[in-house]
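Topology and contacts: notes
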Number of protein chains: 2
Amino acid sequence: MLGGMQDWPLRVMRLIDHAEREHGHREIVSRWADGSTTRTDYAGVARDSRKLAQALERLGVRKGDRVATLAMNHSRHLVSWYGTIGMGGVLHTVNPRLFPEQLIYIFNHAEDKVLFYDHAMTPLVDALKPHLKTVEHYVCFDPPEGDSFESLIAGESGDYRWVEGDEREPCMLCYTSGTTGNPKGVLYEHRSTVIHAMAEVQPDVFDLSRRAVALPIVPMFHAAAWGLPFAAPIAGCKIVFTADYTPKTVCDVLHEEGVTHTAAVPTVWLGLMQYVDQTGSDLGQLKLVTIGGSAAPRAMIEFFQSRGVEVGHAWGMTEMSPIGTTGGRPHDWDDLSFEEKIDLIAKQGRVPFGVEMRIVTDEGAIQPRDGQSSGRLQVRGPWVIQQYFKEERPAVDAENWFDTGDVAVIHPDGTMQITDRAKDVIKSGGEWISSIELENAAMGCPGVAEAAAVGVYHPKWDERPLLLVVRKEGSDVTPDQILDHLTNHVAKWWLPDEILFVDSLPHTATGKLLKTALREEYKDYRLKTAA
Amino acid sequence: MLGGMQDWPLRVMRLIDHAEREHGHREIVSRWADGSTTRTDYAGVARDSRKLAQALERLGVRKGDRVATLAMNHSRHLVSWYGTIGMGGVLHTVNPRLFPEQLIYIFNHAEDKVLFYDHAMTPLVDALKPHLKTVEHYVCFDPPEGDSFESLIAGESGDYRWVEGDEREPCMLCYTSGTTGNPKGVLYEHRSTVIHAMAEVQPDVFDLSRRAVALPIVPMFHAAAWGLPFAAPIAGCKIVFTADYTPKTVCDVLHEEGVTHTAAVPTVWLGLMQYVDQTGSDLGQLKLVTIGGSAAPRAMIEFFQSRGVEVGHAWGMTEMSPIGTTGGRPHDWDDLSFEEKIDLIAKQGRVPFGVEMRIVTDEGAIQPRDGQSSGRLQVRGPWVIQQYFKEERPAVDAENWFDTGDVAVIHPDGTMQITDRAKDVIKSGGEWISSIELENAAMGCPGVAEAAAVGVYHPKWDERPLLLVVRKEGSDVTPDQILDHLTNHVAKWWLPDEILFVDSLPHTATGKLLKTALREEYKDYRLKTAA
C-alpha cells in the first residue's frame, strides 16, 4: 500500500539534540565532591559531547566499542555518556562498590577500551590497572593538578555529526551484581532507551516537565540513574547532580537549586530524615520523591507525605532499564484517608504502558490478580532484556517472559507487591513463607537490631524457618519474647522453629543481606523439631 | 554483538490491551445525541472490539482493507476503531461536514468496504449510497428501531487474538480537506500512532494521568480527535464522549462527570464562554483546556486563565497525527505577570520530543529563531507524513522535511507563532505581509463584522493588499476609519491599498475563509495605486 509516515529511528542522540534545540539554556548543575559547584546547560553538554566524540575517534575507539566510567554524578559524566553513544560507542557504567575481583571480571568481560574515572577513585583504579587487559586509555574527570578530561576535548572543534545506524544497535552496558556467579551484562539499545525515557516523563511515572528541577541522587552507575539522564532532555527540566549525597549536602542542594523531583534508595532518605528532624530544616520546593532499589519503610513514606511531598514507590531491575512499576496516584486518591494512602504507597506501584507483568506458580500456572495469590513475578516489554551480553542463551522463555526472581502478588487494581526474592522464599509443606516479611516483623521487636530468616531442611515440611538475630547493643531479648512479638504480625505456621543469636550477618557490596552465605552456613543445621 | 533487549512491536492494540489489563474498570461515558448516557469501561471496549473484529472477518473484511465511519464521539465509535485495527483493517474516519462531492471522492478513493454511521447521518448516507462503489456493508451505530451495531457483534464470542504484524503497517486513514484539489489521505501507521500517543500523555502536552477525566470534544473524524483515543488508554484516564457539544450540554457534562481535561476548536469555546457568562455557571473541576484547529483569540485565553483553568494552545495538522506544538509552561512561568502569560499562550507553543521544526525562506535558507524572521514552517519526525495515500511521490523533500504551508516565526525560547498560510501571504516588494494579522487587526475595528485580505497584482511591488470588509448590521464604517484603526496595529507599509465593502465572504465546509475563491475573483482587479 502506497503512503505512510516517516522513517525516524529512535536513536538516543535525538534526545540531546532535542534538548539542545528546544531547551538549550536550561541549566545542568554539578555539586562536586570538594563542595564546589559548576553550571552548564543542555547546549553545553551537547557541544562537549560532540568534542568528546571526536576525541574518542582520535583515541581509536570504533563503533560498537565499549567505553567505561567509574564515577559519581556530574555533568562531565553526562558528557561521557552522550559523547560515547554519539560516536557509536557503547557506554559502560561500572559500579565502584563491587568487590575488586568482580570489577576485574567486568572490565575484562566488557573489553572496555577507555576508562573515565573520578579523582576520588584513583586508588581503586590504580589497584585495578594491572589486571585490566583491554583498557588502553585512562582519563580522569577531575584531577586536582590539571584537567585530564577537559584537555582531552579542548582541542576538538565540535564540528561533528553523530554516528547514525539502526535503532536496535546497542548504546549502553550495565552489569548486575548478583549474589551468585559472575556479574552479567545487560545491553541497552537505542530503541529501548528512547521508549523507556518517553514512558518516564509521564505524570504517573516521574512527572517531568519544563518546570521540574530533577535531582537524580541514584548514581549514574546504578541502572543508568534509573534512566533520568535520558528522560530529562525530553522534558527539558533542569538537572542537578551531586557527587556527594551526605544528608547536609542533599538538604542544601534541595534549597539552593529549588529541586522539585528527586530519586534515590531508602538509605539516602533515612539519613535525610534524621538530618531534617535534628536541624528543623524543611524540604524546600520538593514535590515528588521516588524511592526504589529496595522497599521503602512505612515511616519514610509517612515522613514525606505528612510534609506535603508525594512519594512514588518504584520497583525495577537493571534488566528492565530499569523501570518496572511506579507509584502514580489512583483515580480515587482524594477519597483515601492518610492511612489508606500510606498503605497503597507502601506497595510497589503499577506498570506504565510498555511493561507487561504476571505472577506464575513454580509450575507455570498464571495466578489471579487477587492480592493473595503469590508466585514468581515475570515481565516483558520493549525495555526488558532478551539476552545477557555474550551469553549464548536467551534470558527469557519462548514467549519473552523474563523471570525477575522476585515473589509477588498483584492486587485487583494492578498494584504489585513484592513479598520475597524467589530464592529466599521458605517452602514449608508446599506453601510459601516470605523470609522478608518474617525478618521485617522480627526487626520490629524491641531489642532486635537485625534479623535473617532462612529455610532449613525438615523431614516432614521440607523446609522450616530458622531465624538468625543480631541483638541491639545492651539488649538481652529472649527467643520467647521475639516469638511473642511475631505472633501478632505473622501467621502461626510462619513462626520460626528456632531462633539463634549471632554477632553479625553477612552483606553484599550493595548492603543487601547475603542469604546465599547464610544458606550455605546452615545447610546441614538440624532443627530440634526435626528430631 | 550478542545480547540485547526484546522485540516488542509498537502496535496500536497494545494500547487497549494495557488499558484492559491495568485500568479495566475505568469508565468510558457516552452522552448520546438524544440526551441519554451510557457507560462502559476499558475492559468493555476491549471485549466489544474483539467481537467486532470477529464480525468484520465474518463480513469478509481482510487485513489492510479500509473500514469507514461517519460518526460523532461515543463509545461504539471507539469500539469500531479498535475492532477494525485489531483485525488488521485500516480505520477510516470521514468528516461529515465536507461537501457531498468530496465525500464521494474520498469513499471511492479509500475503497472502503464497510461504513459505520450515526443514525443522525442517515439522510447523508442515503444520498451518498448510490455513488459509493466499494462499500458492501452499512451499519448504523444507534438505530432508533433496533440495534444494528449491537446485533452485529452480539453473536460473537469475543474469543479472539488481535492480528499481529510489523509496526510499520497502516492502522488509520484520515483525509485532509484542502481548499484546492481533491482531498488527500494520510495513512497513519501502528508505530507512528503509538509513539505519538506516548508523547501526548506527558505533562507539557496533554498531561494525562490516571486521575484525569478527559473530554475530547474535538470530533473523532478530526485528525483522530487529536490522538486522545490512543493516548487515554496509556494513562488510564476516564474518557467522556458527547455526541452533542452545544454549550449547555458541554457545561452539564463538565459538572456531571468531573471533567479535568478537554480539547476543542475555538468555536466550541466561544459558545461555552457566552453560556457561562449568561447563566453564571462555572467550569467545575476543569484544569486544562487544549485549544487548536485555529488560533485562540486572546479574550478566550483570558476567560479560562482568569478562572484558574490552564489553556494549552496547540498547533498541528492531519499530516502530523496531528500534534506539532503544545502550550506547556516554561520553567519561569511563576515569574510572569498575567499579561505576559496571556501573551505567551496566544502563541502556538513548543514542540514535544519527536517533532523537529524549522523556518525557511522561499529560497530554502534556514531562518534564525529570533521571533522576527518569518518563513515557511517545515517539520519532520516519527509521526509526520512521508507520502499521501496512493500518491506516487513523497510529500517531503529529500531530508524528510514536510512543508506545512504555514508561515511562522520561532522565538528564541522555541515558541512557534503562526503568522499566515503560505499561499495567503502577500508578497510586497520582496517582503511578506501576513494576511491573517491584517484581517485580525481590521476585525478589531468597530463596525467590521469580517474581513479578508488578499494580494493583488501591482506593477511596482508585485503584490499589494486589498482588504474586503463585511460591515456589521447597521454600521456605516468608512475606509478611512478602518485605515485609521489599522495604523495603530500594523506597520505602515502593510496598510491595504484599497478597502472594498462586500455583503459576505466565502467559507470552506469547516468554516475557514475560502481565500482561493477570493483570489480567483479578484485576480484581475486593478488597484488605483497601480495606475
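Residues numbered from 1 in each chain as written. Chains lettered and ligands numbered in written order. Predicted model: local features only at pLDDT ≥ 70, side-chain atom pairs only at ≥ 80, totals over all residues. Heavy atoms only, no water.

**What to know about the overall build of chain A**
Which entries qualify depends on this criterion: Strands here are runs of E lasting at least two residues and helices are runs of H or I lasting at least four, both read from the DSSP assignment and numbered beginning at the N terminus. When we talk radius of gyration, it's over C-alpha atoms, and the globule rule is simply 2.2 Å times the number of residues to the 0.38. Remark: exposure states derive from per-residue accessible area (1.4 Å probe, protein chains only) relative to the maximum for the residue type, with buried under 20%, exposed over 50%, and partly exposed in between. When checking whether two residues touch, look at their non-hydrogen atoms; a contact exists if any pair is within 4.5 Å. All accessible areas in this document rest on Shrake-Rupley with a 1.4 Å probe, and a residue is counted as covered only by the protein chains that are shown. The charged-residue count follows a simple rule in which Lys and Arg add positive charge and Asp and Glu add negative charge, with His and chain termini not counted at all. Note on charges: their place is set at NZ of Lys, CZ of Arg, CG of Asp or CD of Glu.
Each helix and strand in chain A was counted, giving 15 helices and 26 strands. In terms of C-alpha radius of gyration, chain A reaches 24 Å, essentially the compact-globule figure of 24 Å for 531 residues. Over its C-alpha atoms, taken along the principal directions, chain A stretches across nearly 75 × 65 × 50 Å. Relative to its 531 residues, chain A shows a buried fraction of 60%. Within chain A, contacts between residues at least 6 apart in sequence are counted, and of these 67% link residues at least 24 apart. When the accessible surface of chain A is split by element, carbon and sulfur atoms take 48% of a total near 20500 Å². The centroid of the 53 positive side-chain charges in chain A is displaced by 2 Å from the centroid of its 74 negative side-chain charges.

**Some points on the pairing of strand β25 (residues 462–471) of chain B**
A regular strand carries its side chains on alternate faces of the sheet. Residue and element names in this part refer to chain B. For clarity, the cut-off: Whether two strands pair comes down to DSSP finding at least two bridges between them.
The buried fraction of β25 amounts to 7 of the 10 residues, a majority that puts the element mostly inside the structure. Counted along the chain from strand β24 (residues 448–458) to the antiparallel partner β25, the turn is 3 residues long. Where β25 meets strand β26 (residues 498–501), 4 bridges bridge the pair, whose relative direction is parallel. Bridged to Leu467 within β26 is Ile499.

**Quick look at the pattern of salt bridges**
Using the following cut-off: Any carboxyl oxygen of Asp or Glu within 4 Å of a side-chain nitrogen of Lys or Arg constitutes a salt bridge here.
Summed over the entire model, instances satisfying the criterion amount to 84 salt bridges over all chains. Between B:Asp204 and A:Arg210 there is a salt bridge; the shortest N-O distance is 3.8 Å. Here the residue B:Asp204 occupies a position in the loop between α7 (190–200) and β10 (213–216), and A:Arg210 occupies one in the loop between α7 (190–200) and β10 (213–216), the pair thus bridging two chains. Neither B:Asp204 nor A:Arg210 differs from the other in exposure class; each is buried. Between B:Asp406 and B:Arg421 there is a salt bridge whose closest N-O contact spans 3.0 Å. You can see B:Asp406 sitting in strand β20 (residues 402–410) and its partner B:Arg421 sitting in strand β21 (residues 416–421), a full 15 residues away along the chain. Classification of B:Arg421 as partly exposed rests on a relative accessible area of 27%. Three or more residues joined by partner-sharing salt bridges are found here, namely A:Glu27, A:Arg39, A:Lys238 and A:Glu257.

**Regarding the packing of helix α1 (residues 13–22) of chain A against helix α3 (residues 75–86) of chain A**
Residue and element names in this part refer to chain A. Here is the rule we go by: As a rule, the C-alpha atoms of each element are fitted with a line to give its axis, helices using only the stretch in contact, and angles between N-to-C directions run from 0 to 180 degrees. Here is the rule for angles: anything less than 35 degrees is roughly parallel, anything more than 145 is roughly antiparallel, 65 through 115 is roughly perpendicular, and the remaining ranges are oblique. For a crossing to be left-handed, the near helix must be turned anticlockwise from the far one by less than a right angle; the clockwise case is right-handed.
Between α1 and α3, the least distance of the axes is 10 Å, while the angle of their chain directions is 120°. One finds that α1 runs oblique with respect to α3. Remark: the crossing between α1 and α3 carries left-handed chirality. Taking contact as the criterion, the partners of Met13, Leu15 and Ile16 in α1 are, on α3, Tyr82, Ile85 and Gly86.

**Examining the nonpolar core**
Soluble globular proteins tend to bury their nonpolar side chains together. Our working definition: Side-chain atoms within 4.5 Å link the members of a nonpolar core, which is a set of buried Ala, Val, Leu, Ile, Met, Phe, Trp, Tyr and Cys residues.
Ranked by internal contacts, the top residues of the largest apolar core, which has 178 residues, are A:Phe116, A:Phe230, B:Phe116, B:Leu208 and B:Phe230. With sequence-adjacent residues up to four places away left out, A:Phe116 is seen in contact with A:Leu52, A:Leu56, A:Val67, A:Ala68, A:Thr69, A:Leu70, A:Ser80, A:Val139, A:Phe141, A:Phe149 and A:Leu152. By size, the runner-up hydrophobic cluster in this structure holds 31 residues, among which are B:Val268, B:Leu286, B:Val289 and B:Phe304.

**A few points about the confidence of the model for chain A**
Operational definition: Across the chain, each position has a pLDDT score giving the predictor's confidence in that residue, from 0 to 100.
When pLDDT is averaged across chain A, the result is 94; 99% of the residues are at 70 or more. For this predicted complex, the interface confidence reaches an ipTM of 0.90, while the overall pTM sits at 0.91.

**A word on the interface of chain A and chain B**
Note the cut-off: When two parts are put together, the accessible area they lose, computed with a 1.4 Å probe and summed over both, is reported as buried area. Distance and chemistry together define a polar contact, namely a pair of N or O atoms within 3.5 Å, with one atom able to donate a hydrogen and the other to accept it when in protein, and with adjacent residues in sequence counting only for side-chain atoms on both sides. Basically, the charged four are Asp, Glu, Lys and Arg, the nonpolar ten are Ala, Val, Leu, Ile, Met, Phe, Trp, Tyr, Cys and Pro, and anything else, Gly included, counts as polar.
With 77 residues of chain A at the contact, the number on the chain B side is 76 residues. Overall, the association of chain A and chain B removes approximately 6500 Å² of surface from exposure, summing both partners, and the carbon and sulfur fraction of that is 54%. Linking chain A to chain B there are 12 salt bridges. Ionic pairing is found between B:Arg211 and A:Asp334, a salt bridge with its closest N-O pair at 2.8 Å. Here chain A is connected to chain B by 42 residue pairs in polar contact (both at pLDDT 80 or more). Those elements giving two or more residues to the side of chain A that touches chain B turn out to be β1 (4–5), α1, β9 (184–189), α7, α8 (228–235), β18 (375–380) and β19 (385–387) of chain A. No other element matches α7(A), which puts 6 residues into the side of chain A that touches chain B. Of the residues contributing to the side of chain A that touches chain B, the split by class is 34 nonpolar, 19 polar and 24 charged.

**Some thoughts on helix α14 (residues 479–487) of chain B**
Residues and elements named next belong to chain B. Just so we agree on the cut-off: This arc describes the spread of directions from the helix axis toward the C-beta atoms.
All of the buried residues along α14 are Ile482, His485 and Leu486. One side of α14 carries all its buried residues, which in axial view fall inside an arc of 100°. Residues Asp480 and Asp484 are exposed on α14 and point more than 90 degrees away from its buried face. Packing partners of the buried residues in α14 comprise α13 (435–443), β24, β25 and β26.

**Some points on the relation of the copies chain A and chain B**
Threshold: Superposition of the copies used a least-squares fit over C-alpha atoms from residues whose pLDDT is at least 70 in both.
Note on the copies: chain A fits chain B at an RMSD of 0.1 Å, the axial shift is 0.0 Å, and the rotation between them is 180°. Classification of the inter-copy transformation places it as that of a two-fold axis. Of every C-alpha in chain A, the one belonging to A:Gln202 sits nearest the axis of rotation, 2.2 Å from it.

**Some points on the sheet that holds β20(B)**
All names here are of chain B. As summarised here, the arrangement of the 4 strands in space is β17-β18-β20-β21, forming an open sheet in which the pairing is antiparallel. Each end of this open sheet is capped by a strand with a single partner; those strands are β17 (356–360) and β21. On average, each strand axis in the sheet is inclined to that of its neighbour by 50°, with strand direction left out of account. Bridge analysis of β20 against β21 gives 5 bridges, and the strand direction is antiparallel. Among the inter-strand pairings, Val407 is bridged to a residue of β21, identified as Asp420.

**Overview of a negative patch on the surface**
Residues and elements named next belong to chain A. To keep it simple, the criterion reads: Residues with no salt bridge and a relative accessible area higher than 30% make up the patches, which join like charges within 9 Å and nonpolar side chains (Val, Leu, Ile, Met, Phe, Trp, Tyr) within 5 Å.
A cluster of like negative charges, contributed by Asp332, Asp335, Glu340 and Asp413, occupies part of the molecular surface. The residue Asp413 is located in the loop between β20 (402–410) and β21 (416–421) in this model. By relative accessible area, Asp413 is classed as partly exposed at 31%.

**Some details on the pairing of β20(A)**
All names here are of chain A. Taking burial as the measure, the 9 residues of β20 include 8 buried ones, the bulk of the element. When β18 meets β20, the two strands line up antiparallel, connected through 4 bridges. Among the inter-strand pairings, Gln378 is bridged to a residue of β20, identified as Asp403. Counted along the chain from β20 to the antiparallel partner β21, the turn is 5 residues long, and its residue Gly414 has a positive phi close to 95°.

**What about unusual backbone geometry?**
The amide bond that connects A:Ser321 to the next residue, A:Pro322, takes the cis arrangement and shows omega of 5°. With respect to the secondary-structure elements, A:Pro322 resides in the loop between β15 (315–316) and β16 (323–325). Positive phi outside glycine occurs at B:Asp462, with the angle close to 75°. Here B:Asp462 lies in strand β25.

**Looking at the sheet that holds β21(A)**
All names here are of chain A. Spatially, 4 strands are ordered β17-β18-β20-β21 in an open sheet, and the strand pairing comes out antiparallel. The open sheet has two free edges, formed respectively by β17 (356–360) and β21, since each of these has just one partner strand. Between one strand and the next, the sheet's axes are offset by a mean angle of 50°, whatever the strand orientation. As paired elements, β17 and β18 share 5 bridges and run antiparallel to each other. Residue Ile359 lies in a different strand from β18, and its bridge partner there is Leu377.

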